[in-house]
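# Overview (structure and organization)
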Amino acid sequence: MSWPALYSQLVGGNRHSTSLGKIWLSVLFIFRVMVLVVAAESVWGDEQSDFTCNTLQPGCENVCYDQFFPVSHIRLWCLQLVFVSTPTLLVAMHVAYRNHSDKKRLLQGSGRAGFLTSKGQEEDLETLRRRRLPIAGALWWTYACSLVCRLLFEGGFMYALYVVYDGFQMPRLVQCDQWPCPNLVDCFISRPTEKTIFTVFMATASSICMVLNMAELAYLVAKAVTSTLRSHQRKKCKKSGRERTHNKTTHVSLVST
Amino acid sequence: MNWGSFYAVISGVNRHSTGIGRVWLSVIFIFRILVLVVAAESVWGDEKSGFVCNTQQPGCNSVCYDQFFPISHIRLWALQLILVSTPALLVAMHVAHRRHVDKKVLKKTGRGGPKELELIKNQKFQITGALWWTYMISIVFRIVLEVAFLYIFYLIYPGFKMVRLVKCASYPCPNTVDCFVSRPTEKTIFTVFMLAVSGLCVLLNLAEVAYLIFRACKRCLRGSEEESKVAWISGRFSTYKQNEINQLIAEQALKSKFAVSKKSPTEKGERCSAF
């Protein structure tokens, strides 16, 4: 299992997304996963080996590194990307469930009727598999839930990074007095400026993804509201049309009598 | 996700590019990404471990390295290549949107059979109309991003030469210490190479912009020329028709007065000059 495998899973689930959802997936994989793999991982590659403290005391460097870096940025970003990508699989599961129940219904119906040829049945099953379900009804709720989950995970991980590392800037020097360090020792972090640049870049990409998710949620809500209003209007027109014809017929019958 | 999958994503846009666009994409992948991955990364591989300062003071190496190399060349080039290649996806999104709209229209008119949908999937769009503007915007973005990165590079590393020795006096270095950069000449060679190819890509993008504008102007002129020709022809045709009608009226009038009608020479001449 690797990033390309996750990508292929998500692209399959993306078929039923809106356009904003497709843009979100591209931003996720190009500006976050790709930058993480080709650039950020090499910046953090020597984070522990090049963490030097101004002491010869064995164990002091290990202890101080562990105190200031409880979880590495890289691992935090990997977890964030995995958690943020998985709500899309909720939608894929819902679509698979719908397809499965429709397939069952189709097979049962053809079995009862008995007039569908095997070729016709195969074509119907193929259309069922290839169709793109509209985001309405229960699927709308699943999709909206997946968007809310994504937003929560993104926000949660960004907040966690901010709290653990006291902001997005990486200092050059940290002072540590954990046992077995003999006194307050200076410890130097490797490549702090490059790490700050990449932390800011990844935080910006994360914010862009959050904005895209919020826009997609707003779009879904707006679409649902307008379609509800339109269906209400249609019902009203139908009702008034029926009333008018009813009045006409009663008028005619009254006139005839 | 690595450069290979990135290449697969970006080269899908190639179908709707111009010839110059395809050359640009090949230059990006062969002379920049490939060189970065197979050669440049190993040159810069030991940039930190090979950066040595003339002191035993712990932390001096790290601090001086951070001061002189705020961001490594390799990472800057990787970011530049990613950001410069992505405007091409604008074109891919526009094409996908057009295909979606065409599919919808076909389904509504009742011609949404699998063959027609397959045709739409494989259809190659002409770079005209709204797609022309999207394409132009993507090229402009590319040029702006390339130039921006070249400028950032110049700001961070003024001059393209990698020095052998840097002098550093940041805390905790006890005084001004000499620090030695690893493989400076090889780094200079690769820096000059990558910058030259970057410049070449900017030129290719400018050429593509000029080509697209030239093609659009030619299409406009041809369109307006054809319009004026059609107007001229229809004008002449209407004059010819009018002359024929006049002639028929004259013939009828003359027939009533004389037995034989004569065709007027001027009308004949005009008729001949209609085409």
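Heads up: these notes are all about the structure in this document. (Residues numbered from 1 in each chain as written. Chains lettered and ligands numbered in written order. Predicted model: local features only at pLDDT ≥ 70, side-chain atom pairs only at ≥ 80, totals over all residues. Heavy atoms only, no water.)

### Let's talk about the pairing of strand 2 (residues 165-168) of chain B
All names here are of chain B. On strand 2, burial follows the alternation: Val166 and Cys168 on one face are buried, whereas Leu165 and Lys167 on the facing-out side are not. In terms of strand pairing, strand 2 meets strand 3 (residues 177-180) through four bridges, oriented antiparallel. Looking across to strand 3, one finds that Lys167 is bridged to Asp178. (Buried < 20%, exposed > 50% of the residue type's maximum accessible area, 1.4 Å probe, protein only. Helix = DSSP H or I, 4+ residues; strand = E, 2+ residues; numbered from the N terminus. Pairing = 2+ DSSP bridges.)

### Observations concerning the packing of aromatic side chains
Geometrically, a pair of aromatic rings is defined through the distance of the ring centres and the angle of the planes. Overall, the coordinates contain 19 aromatic pairs over all chains when judged by the stated rule. Consider the rings of Trp140 of chain A and Trp141 of chain A, whose centres lie 4.9 Å apart with planes at 80 degrees: the pair is edge-to-face. According to the relative accessible area criterion, Trp140 of chain A is buried, its value standing at 14%. A ring pair is formed by Trp132 of chain B and Trp133 of chain B, whose centres lie 4.9 Å apart and whose planes are at 85 degrees; its orientation type is edge-to-face. In this structure an aromatic cluster arises from ring pairing among Trp44, Phe51, Tyr65, Phe69, Trp77, Phe153 and Tyr157 of chain B. When the ring centre of Trp24 of chain B is taken as origin, the NZ or CZ atom of Arg142 of chain B, which lies over that ring, is 3.8 Å away. (Phe/Tyr/Trp six-rings, centres within 6.5 Å; stacked < 30°, edge-to-face > 60°. Lys NZ or Arg CZ within 6 Å of the ring centre and 35° of its normal.)

### Details of helix 3 (residues 60-68) of chain A
Residue and element names in this part refer to chain A. The complete set of buried residues in helix 3 reads Cys60, Cys64 and Tyr65. Within helix 3, the buried residues cover an arc of 125 degrees as seen down the axis, which keeps them to one side. Exposed residues lying more than 90 degrees from the buried face of helix 3 are Asn62 and Asp66. Elements in contact with the buried residues of helix 3: strand 1 (52-53), strand 2 (173-176) and strand 3 (185-188). (Arc of directions from axis to C-beta. Contact = heavy atoms within 4.5 Å.)

### With respect to the environment of Pro58 of chain A
All names here are of chain A. Note on placement: Pro58 falls in the loop between strand 1 and helix 3. Judged by its relative accessible area of 62%, Pro58 is exposed. Through-space distance from the C-alpha of Pro58 to that of Pro180 is 7.8 Å; in sequence the pair is 122 residues apart.

### Topic: the nonpolar core
Soluble, globular proteins show a tendency: their nonpolar side chains are buried together. The biggest cluster of nonpolar side chains holds 108 residues, and the ones touching the most others in it are Leu36, Phe51 and Phe198 of chain A together with Trp3, Leu36 and Phe51 of chain B. Counting residues per element, this core draws most heavily on helix 2 (residues 19-43) of chain A, at 14 residues. Apart from the residues lying within four places of it in its own chain, the contact partners of Leu36 of chain A are Trp3, Glu41, Ile74, Trp77, Cys78, Leu81 and Met202 of chain A. Ranked by size, the runner-up nonpolar core spans ten residues in total, among them Val95, Leu133, Ile135 and Leu220 of chain A. (Core = buried A, V, L, I, M, F, W, Y, C linked by side-chain atoms within 4.5 Å.)

### Topic: the interface of chain A and chain B
The interface of chain A with chain B comprises 34 residues on the first partner and 30 residues on the second. On the chain A side of the interface with chain B, the three residues burying the most area are Met34, Phe188 and Arg191 of chain A, jointly 22% of the side's total. Across the salt bridge formed by Asp50 of chain A and Lys48 of chain B, the nearest N and O atoms sit 2.9 Å from each other. Our enumeration of links across chain A and chain B arrives at ten residue pairs in polar contact (both at pLDDT 80 or more). The set of elements that each furnish at least two residues to the side of chain A that touches chain B consists of helix 1 (3-13), helix 2, strand 1, strand 3 and helix 8 (192-256) of chain A. For the side of chain A that touches chain B, the element with the highest residue contribution is helix 2 of chain A, accounting for twelve residues. (Buried area = accessible area lost by both parts, 1.4 Å probe. Salt bridge = Lys/Arg side-chain N within 4 Å of Asp/Glu carboxyl O. Polar contact = N/O pair within 3.5 Å; in protein donor to acceptor, adjacent residues only side chain to side chain.)

### A few points about the side chain of Glu47 of chain A
Residue and element names in this part refer to chain A. With respect to the secondary-structure elements, Glu47 resides in the loop between helix 2 and strand 1. Side chain to side chain, Glu47 and Arg75 meet in a polar contact 3.4 Å long. Residues contacting Glu47, with those up to four places away along its chain left out, are Tyr65, Ser72, Arg75, Ser190 and Lys195.

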